[in-house]
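Chain residues, written in single-letter form:
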Amino acid sequence: MDTNSSTNSFIFPSFLALVVALILSVVAYILKDNIDKNIDLDQKKNILVCAGFDVSILKPDSILVEYENLIDEIFINNKGEIVSGFKKENLSVTEDKKLGAFIYKLIQSGSDSIIVYPLYQTKKSSSIQSVIIPISGKGLWSTLYGYIALEKDMVDTVKNITFYKHGETPGLGGEVNSERFQLQFKSIDKNGDIKKAEDRKTIFSENALESITLVKPGLPKNKHQVDGLSGATVTSDGVTDFLKRDLQKYKPYFDRQRSR
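Criteria and thresholds
- Residues numbered from 1 in each chain as written.
- Predicted model: local features only at pLDDT ≥ 70, side-chain atom pairs only at ≥ 80, totals over all residues.
- Heavy atoms only, no water.
- Salt bridge = Lys/Arg side-chain N within 4 Å of Asp/Glu carboxyl O.
- Buried < 20%, exposed > 50% of the residue type's maximum accessible area, 1.4 Å probe, protein only.
- Helix = DSSP H or I, 4+ residues; strand = E, 2+ residues; numbered from the N terminus.
- Pairing = 2+ DSSP bridges.
- Arc of directions from axis to C-beta.
- Phe/Tyr/Trp six-rings, centres within 6.5 Å; stacked < 30°, edge-to-face > 60°.
- Axes fitted to C-alpha atoms, helices over the stretch in contact; angles between N-to-C directions.
- Parallel < 35°, antiparallel > 145°, perpendicular 65-115°, else oblique.
- Contact = heavy atoms within 4.5 Å.
- Nonpolar A, V, L, I, M, F, W, Y, C, P; charged D, E, K, R; others polar.
- Polar contact = N/O pair within 3.5 Å; in protein donor to acceptor, adjacent residues only side chain to side chain.

What to know about the pattern of salt bridges
Taken as a whole and assessed by the stated rule, the structure comprises nine salt bridges. Here Arg-245 and Asp-246 are joined by a salt bridge, their closest N and O atoms 3.1 Å apart. A residue is classified by how much of its surface remains accessible, and Arg-245, at 24% relative accessible area, is partly exposed. Salt bridges sharing partners connect three or more residues here, namely Arg-245, Asp-246 and Lys-249.

Take a look at the structure:
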């Protein structure tokens, strides 16, 4: 072998890159189950937190037990009706990468399918009554994934918001995870006391879905507005847009609940 050949400087790095890629692929395959379990655990933990439960001292196994004891997972159709009696393997989940939105299709028979929407609610026996809606969409640099919680019987009133995954800039768009930002959505104040009705946020104005809008910090706000993220206008606008888009999907269900 000619060790002085100019091609040798390309052969070895290429071979090394191939070996590393192969090793990473094998490791990813071996760890896939554990990775999927950790993702599932993190999502369930965030659903519990968004609903209003304190899980900060719970170990992973305890979080899963609490989730099973406290949360009901249901799916609704575009009329707001609960869809039941189907198996999870009949559910197809894809992500619209452009919008950062999930699409849930339920295969009914043959190739027929219907669009459904997941919804999480605390069980009737729970001391806390919440409805939790998954939210996701584009910010400046990434897709943000999270949940927003509403009062179970009064689904126009916001209880909480959480984000479990995003790639926004720390200190700017990344402030969606901050206590200061999320406190604006919470039904309790920083001391843990229930806020007055006039200080809580709502997503409806009579029968119109207003959602929650992020506005420039410091400006006067109404019951459908919160302070946006300082120095992160694109992320703030993105959260405003996908919050309304995702909540709009559940409006038929909200209307049913509000008319009871």
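A short note on the pairing of strand β8 (residues 158–165)
Most of β8 is tucked away: seven of the eight residues are buried. Note that strand β7 (residues 143–151) and β8 share six bridges and pair antiparallel. Of the residues in β8, the one forming a bridge with Leu-150 is Val-158.

A few points about helix α2 (residues 60–70)
When α2 is considered as a whole, its buried residues turn out to be Ile-63, Tyr-67 and Leu-70. For α2, the angular spread of buried residues about the axis comes to 85°, placing them on one side.

Regarding unusual backbone geometry
For Glu-206, which is not glycine, the phi torsion reads 55° and is therefore positive. Non-glycine residue Ser-211 carries a positive phi angle of around 65°. In this structure, Ser-211 sits in the loop between β10 (208–209) and β11 (213–215).

What about the packing of aromatic side chains?
Given two aromatic rings, one states the distance between the centres and the angle between the planes to describe the pair. Evaluation of the coordinates by the stated rule reveals eleven aromatic pairs. Measuring from centroid to centroid gives 5.8 Å for Phe-102 and Tyr-145, while their planes differ by 45°, and the two rings are tilted. Taken together, the positions of Phe-102 in strand β4 (residues 101–109) and Tyr-145 in strand β7 put the pair 43 residues apart, joining distant regions of the chain. Ring centres 5.8 Å apart and planes at 55° place the aromatic pair Tyr-117 and Tyr-250 in the tilted group. Here the residue Tyr-117 occupies a position in strand β5 (residues 112–122), and Tyr-250 occupies one in the loop between α4 (233–249) and α5 (251–258), the gap between them amounting to 133 residues.

Some points on the packing of α4 against α5
Contact pair α4 / α5: the axes reach a minimum separation of 5 Å and the direction vectors enclose 60°. On the basis of the axis angle, α4 is oblique to α5. Listed contacts from α5 to Leu-247, Gln-248 and Lys-249 of α4 are Lys-251, Pro-252 and Phe-254. Residue composition of the contact of α4 with α5, grouped by class: three nonpolar, one polar and two charged.

A short note on the side chain of Gln-225
Examined against the element boundaries, Gln-225 turns out to sit in strand β12 (residues 225–227). Among the polar contacts made by the side chain of Gln-225, one reaches the main-chain amide nitrogen of Asn-222 at a distance of 3.1 Å. Leave out the neighbours within four places in its chain, and Gln-225 touches Lys-201, Thr-213, Val-215 and Pro-220.

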